[in-house]
Amino acid sequence: MTDTPPTDIASLSFEAAMGELETIVRRLEGGDVSLEESVTLYERGHALRAHCEARLAAAQARIEQVSLVDGQPAGTAPFGEG
């Protein structure tokens, strides 16, 4: 890891958070980081994973679904309504 302070996770886009998470996984799998740094990387990775899950849930909530009337498509409604 570098000496620059980490970016606030809440400000990251989904893509940026996933990219950083992938980098962390590669570093941890490489096995060439100290135990202390591994724990720090793991904690950040855990927070990044939670952020990505929240972003996906928010996106899913905005997806429109087809509403049915008598079994026929009758329009759309925001995901989760109807």
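Overview of the structure. (Residues numbered from 1 in each chain as written. Predicted model: local features only at pLDDT ≥ 70, side-chain atom pairs only at ≥ 80, totals over all residues. Heavy atoms only, no water.)

**Concerning the side chain of His51**
And step 1. Considering the arrangement of structural elements, one finds His51 in helix α2 (residues 35-62).
And step 2. Excluding residues within four positions of it along the chain, His51 makes contact with Ile9, Ala10, Leu12, Ser13 and Ala17. (Helix = DSSP H or I, 4+ residues; strand = E, 2+ residues; numbered from the N terminus. Contact = heavy atoms within 4.5 Å.)

**A few points about the pattern of salt bridges**
And step 1. Taken as a whole, this structure holds three salt bridges when the rule is applied.
And step 2. Linking Glu20 and Arg44 is a salt bridge whose minimum nitrogen-to-oxygen distance equals 2.5 Å. Of this pair, Glu20 sits in helix α1 (residues 14-30) while Arg44 sits in helix α2, and the two are 24 residues apart along the sequence. (Salt bridge = Lys/Arg side-chain N within 4 Å of Asp/Glu carboxyl O.)

**As for α2**
And step 1. Look at α2: 41 Å from first C-alpha to last across 28 residues, which is about the 40 Å you get at 1.5 Å a residue.
And step 2. In this structure, the buried residues of α2 make contact with α1. (Expected span 1.5 Å × (residues − 1).)

**Focus on α1**
And step 1. The end-to-end C-alpha distance of α1, which contains 17 residues, comes to 24 Å, matching closely the 24 Å that a straight helix rising 1.5 Å per residue would cover.
And step 2. All of the buried residues in α1 are Ala17, Leu21 and Ile24. An end-on view of α1 places all buried positions within 60° of arc, on one side of the element. Exposed side of α1, more than 90 degrees from the buried face: Glu15, Arg26, Glu29 and Gly30 are the residues found there.
And step 3. In this structure, the buried residues of α1 make contact with α2.
And step 4. At the C-terminal side of α1, Gly31 shows a positive phi close to 70°. (Buried < 20%, exposed > 50% of the residue type's maximum accessible area, 1.4 Å probe, protein only. Arc of directions from axis to C-beta.)

**Structural notes on the side chain of Arg44**
And step 1. Note on Arg44: relative accessible area 12%, which makes it buried.
And step 2. Those residues in contact with Arg44 that sit more than four places away from it in its chain are Pro6, Thr7, Ile9, Leu12, Glu20 and Ile24.

**Things to note about the packing of α1 against α2**
The axes of two packed helices give the description: the angle between them and the distance between them.
And step 1. With their axes 9 Å apart at the nearest point, α1 and α2 run at an angle of 150° to one another. Taken as axis vectors, α1 and α2 run roughly antiparallel relative to one another. Here α1 and α2 pass one another in a crossing that is left-handed. Facing α1, whose interface residues are Phe14, Ala17, Met18, Glu20, Leu21, Ile24, Arg27 and Leu28, α2 presents Glu37, Ser38, Leu41, Tyr42, Arg44, Gly45, Leu48, Arg49, His51, Cys52, Arg55 and Leu56.
And step 2. For the contact of α1 with α2, the class distribution of residues is 11 nonpolar, three polar and six charged. (Axes fitted to C-alpha atoms, helices over the stretch in contact; angles between N-to-C directions. Parallel < 35°, antiparallel > 145°, perpendicular 65-115°, else oblique. Left-handed = near helix turned anticlockwise from the far one by under 90°. Nonpolar A, V, L, I, M, F, W, Y, C, P; charged D, E, K, R; others polar.)

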